Amino acid sequence: MPHLMNTYNRLPVAFSHGDGSWVTDTDGKIYLDALSGLAVSSLGHNHPELVAAIAAQAGRLLHTSNLYRMPQQELLADKLAAISGMDEVFFCNSGCEANEAAIKLARFYGHKNGVENPSVVVMEKAFHGRTLATLSATGNRKAQAGFEPLVSGFVRVQYNDVAAIRAIAERCHSVTAVMIEVVQGEGGIHVADADYLSCLRKLCDEHAWLLICDEVQCGLGRTGKWFGYQQAGILPDIVTLAKGLAGGVPIGACLAGGAAAGLFGPGNHGSTFGGNPLATTAALTVLDVIEKKNLLANAQTVGDRIRANLAEALADIEGVVEIRGLGLMIGVELDTPCGELVTRALDAGLLINVTAEKVIRLLPPLNFSTDEADQLAQRLARLIRDFLAAKGTRA
Ligand SMILES: *Cc1c(COP(=O)(O)O)cnc(C)c1O
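Please read these numbers as outputs of a predicted model, since none were measured by experiment.

Peer 1: Got a minute to help me understand the site of the ligand in this structure?
Peer 2: Close to the ligand lie Ser-94, Gly-95, Cys-96, Asn-99, Phe-127, His-128, Gly-129, Glu-181, Asp-214, Val-216, Gln-217 and Lys-243. One of the side-chain nitrogen or oxygen atoms of Lys-243 is found 2.6 Å away from an oxygen atom of the ligand. In terms of residues, the shell around the ligand owes the most to one element, helix H4 (residues 95–112), which gives three residues. In the shell around the ligand, the residues fall into three nonpolar, six polar and three charged.

Pasting the structure below:
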């Protein structure tokens, strides 16, 4: 790949087609997809309704411009507002763009309220994207190294630590927002405590801060509810979305409600491709299928089943530190770096991911069946056992 910029360690495999939770590589080998292209293919591969909707829209109009009204975009905004509790939506094309919009909103809100240098509280181990502002918000020094000067205006605290946020409220008067993933994805599948989120909501209310939930990975049904924050019964002021929203067609969205709504006017923000007819048609179809097929409930029950099966199959294995997550966002933490498991799984016909060095990450399609769940748990448990046993002999 001499002409590809070297930004990814690519596995030596390419896929030619897919069907549901299964993909076939260019040599004809079939894999069970427990990753969904990192939480993107929320309906699996080649979903008939999604394919038909995209094809029909492609045959009418791909793109017009935000200089004109787009009915599909307006319908999608209505739908997202209804399921999220937010009031309005800005459309873009990716997660980092959705977060850029959120950060700009937080700053704009600050300036409107007389805060000269507004700052946003962000979390250790957070992942918000790779653009300069979202990289600066990301809590990963390795990812930031070499790209200094970073964007200023971020204050970092420990995740799930109420005292740390209280301390910030005391000493830092420039804060205008708190930004958090309800379940940290890249950081290793860490779930925010419901108490912590309620406390955050209260602190934000007390100090007139905006609460921003980055739901790019954990949103849109993955945790068993439309949005992760609904697990804790709170309502943020800003919600960012991307990954699974259009089932594989690039799209991003920044939703705003309450004090965060009505801030931007024409000229404050924009996107050439954002909310185009193709992407918004795809997203409308994805949301429709999630609803019609009860995929929120499916994510919950199938996710619980995978975790329970893994817990049972790995109960006597010492190297397994914790099995955690919500719905179909699952992490299995080992006591040793396990990146090697990705290639072992690939050889065994299974697509998984390892993040934060020691955490096996599973993000299967929302329509994963119970049979597929059982196959996944069984095959993964065997891979983990073999891997840890091989480590043991070597040590
Ligand atoms: C993937 C991800 C992003 C970045 O999304 P891109 O589409 O890659 O820019 C932001 N936040 C979270 C929580 C993510 O998982």
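Peer 1: Would you mind showing me how to read the layout of surface pockets here?
Peer 2: Empty space among the atoms becomes apparent when a probe as large as a water molecule is rolled across them. Considered as a void within the structure, the second largest pocket measures approximately 670 Å³ in volume. Lining the second largest pocket are 24 residues; nearest its centre among them are Asn-66, Gln-73, Val-89, Phe-90 and Phe-91. Those elements that place two or more of their residues in the lining of the second largest pocket are helix H3 (71–84), strand E4 (88–92) and strand E12 (252–256).

Peer 1: How should I be thinking about the side chain of Thr-134 in this particular structure?
Peer 2: Structurally, Thr-134 can be placed in helix H5 (residues 132–137). The class for Thr-134 is buried, based on a relative accessible area of 0%. Non-local contacts of Thr-134, meaning those with residues more than four positions away in its chain, are made with Cys-96, Asn-99, Glu-100, Ile-103, His-128 and Gly-129.

Peer 1: Got a minute to help me understand the packing of aromatic side chains in this structure?
Peer 2: Any two aromatic rings considered together are summarised by their centre-to-centre distance and by the angle between their planes. For the structure shown, the criterion picks out four aromatic pairs. Look at Phe-227 and Tyr-229: their rings are 5.6 Å apart centre to centre, the planes differ by 5°, and that puts the pair in the stacked class. The class for Phe-227 is buried, based on a relative accessible area of 0%.

Peer 1: For this particular structure, what's the right way to read helix H7 (residues 162–171)?
Peer 2: Counting along an α-helix, one turn takes 3.6 residues, and residues three or four places apart therefore face a common direction. Along H7, the residues that are buried comprise Ala-164, Ile-165, Ile-168 and Ala-169. Buried positions in H7, seen along its axis, are confined to an arc of 145° and lie on one side of it. In this structure, H7 carries Ala-163, Glu-170 and Arg-171 as exposed residues pointing more than 90 degrees from its buried face. Measuring from the backbone nitrogen of Ala-163 back to the side-chain oxygen at the start of H7 gives 3.1 Å, which picks out Asp-161 as the cap.

Peer 1: Just to check I follow, could you spell out the nonpolar core for this structure?
Peer 2: Here is a general trend for soluble globular proteins: nonpolar side chains tend to be buried in one another's company. Counting 97 residues, the largest nonpolar core has Leu-80, Ile-165, Ile-306, Leu-334, Ile-360, Leu-362 and Ile-384 as the members making the most contacts within it. Of the residues forming this core, the biggest block, nine residues, is contributed by helix H12 (residues 370–394). Apart from residues lying up to four places away in sequence, Leu-362 is in contact with Ala-34, Ile-306, Leu-310, Leu-328, Met-329, Ile-330, Ile-352, Leu-376 and Leu-380. Among the nonpolar cores identified, the runner-up in size contains 23 residues, and Ile-103, Ala-106, Ala-177 and Ala-260 belong to it.

Peer 1: It is not clear to me how the sheet that holds strand E2 (residues 22–25) should be interpreted in this structure. Could you clarify?
Peer 2: By definition, the strands of a sheet pair up through backbone hydrogen bonds, in either a parallel or an antiparallel sense. Strand order in the open sheet made by the four strands is E1-E2-E3-E15, with mixed pairing throughout. Two strands bound the open sheet, and with one partner strand each, they are strand E1 (15–19) and strand E15 (350–351). Taken together, the two bridges between strand E3 (residues 30–33) and E15 define a ladder with parallel strand orientation. Looking across to E15, one finds that Leu-32 is bridged to Leu-350.

Peer 1: Please explain the sheet that holds strand E6 (residues 154–157) as it appears in this structure.
Peer 2: The strand order E4-E12-E11-E10-E7-E5-E6 describes an open sheet built from seven strands, whose pairing is mixed. The open sheet has two free edges, formed respectively by E4 and E6, since each of these has just one partner strand. Within the sheet, the average angular offset between the axes of one strand and its neighbour, ignoring direction, is 20°. Its contacts with the sheet put H3 on E4, strand E11 (238–241) and E12, and the angle it makes with E4 is roughly 125°.

Peer 1: I'm lost on unusual backbone geometry in this one. Help?
Peer 2: Most peptide bonds adopt trans geometry, and most residues besides glycine take a negative phi value. The omega torsion of the bond from Glu-148 to Pro-149 falls at 0°, within 30 degrees of zero and hence cis. Summarising the element assignment, Pro-149 is placed in the loop between helix H6 (141–144) and E6. At Leu-38, a position not held by glycine, the phi torsion is positive, near 65°. Turning to its location among the elements, Leu-38 is positioned in helix H1 (residues 36–39). Its identity is not glycine, yet Leu-220 carries a phi of approximately 60°, on the positive side. On the basis of relative accessibility, which here comes to 4%, the residue Leu-220 falls in the buried class.

Peer 1: How should I be thinking about the pattern of salt bridges in this particular structure?
Peer 2: Note that side chains of opposite charge can pair when their charged atoms are close. What the rule picks out here adds up to 14 salt bridges. For Arg-361, the salt bridge is made with Glu-186, and the minimal N-O distance between the two is 3.0 Å. Taken together, the residues Arg-361 in strand E17 (residues 359–362) and Glu-186 in the loop between strand E8 (183–184) and strand E9 (190–191) connect sequence positions 175 residues apart. Relative accessible area serves as the criterion here: at 1%, Arg-361 is assigned to the buried category.

What counts and how
- Residues numbered from 1 in each chain as written.
- Predicted model: local features only at pLDDT ≥ 70, side-chain atom pairs only at ≥ 80, totals over all residues.
- Heavy atoms only, no water.
- Near = heavy atom within 4 Å.
- Polar contact = N/O pair within 3.5 Å; in protein donor to acceptor, adjacent residues only side chain to side chain.
- Helix = DSSP H or I, 4+ residues; strand = E, 2+ residues; numbered from the N terminus.
- Nonpolar A, V, L, I, M, F, W, Y, C, P; charged D, E, K, R; others polar.
- 1 Å grid on protein atoms, 1.4 Å probe; cavity = no way out; pocket = protein on both sides within 12 Å on 5 of 7 lines; lining within 4 Å.
- Points joined across faces, edges and corners; volume = space filled by probe spheres on them.
- Buried < 20%, exposed > 50% of the residue type's maximum accessible area, 1.4 Å probe, protein only.
- Contact = heavy atoms within 4.5 Å.
- Phe/Tyr/Trp six-rings, centres within 6.5 Å; stacked < 30°, edge-to-face > 60°.
- Arc of directions from axis to C-beta.
- Core = buried A, V, L, I, M, F, W, Y, C linked by side-chain atoms within 4.5 Å.
- Pairing = 2+ DSSP bridges.
- Axes fitted to C-alpha atoms, helices over the stretch in contact; angles between N-to-C directions.
- Salt bridge = Lys/Arg side-chain N within 4 Å of Asp/Glu carboxyl O.

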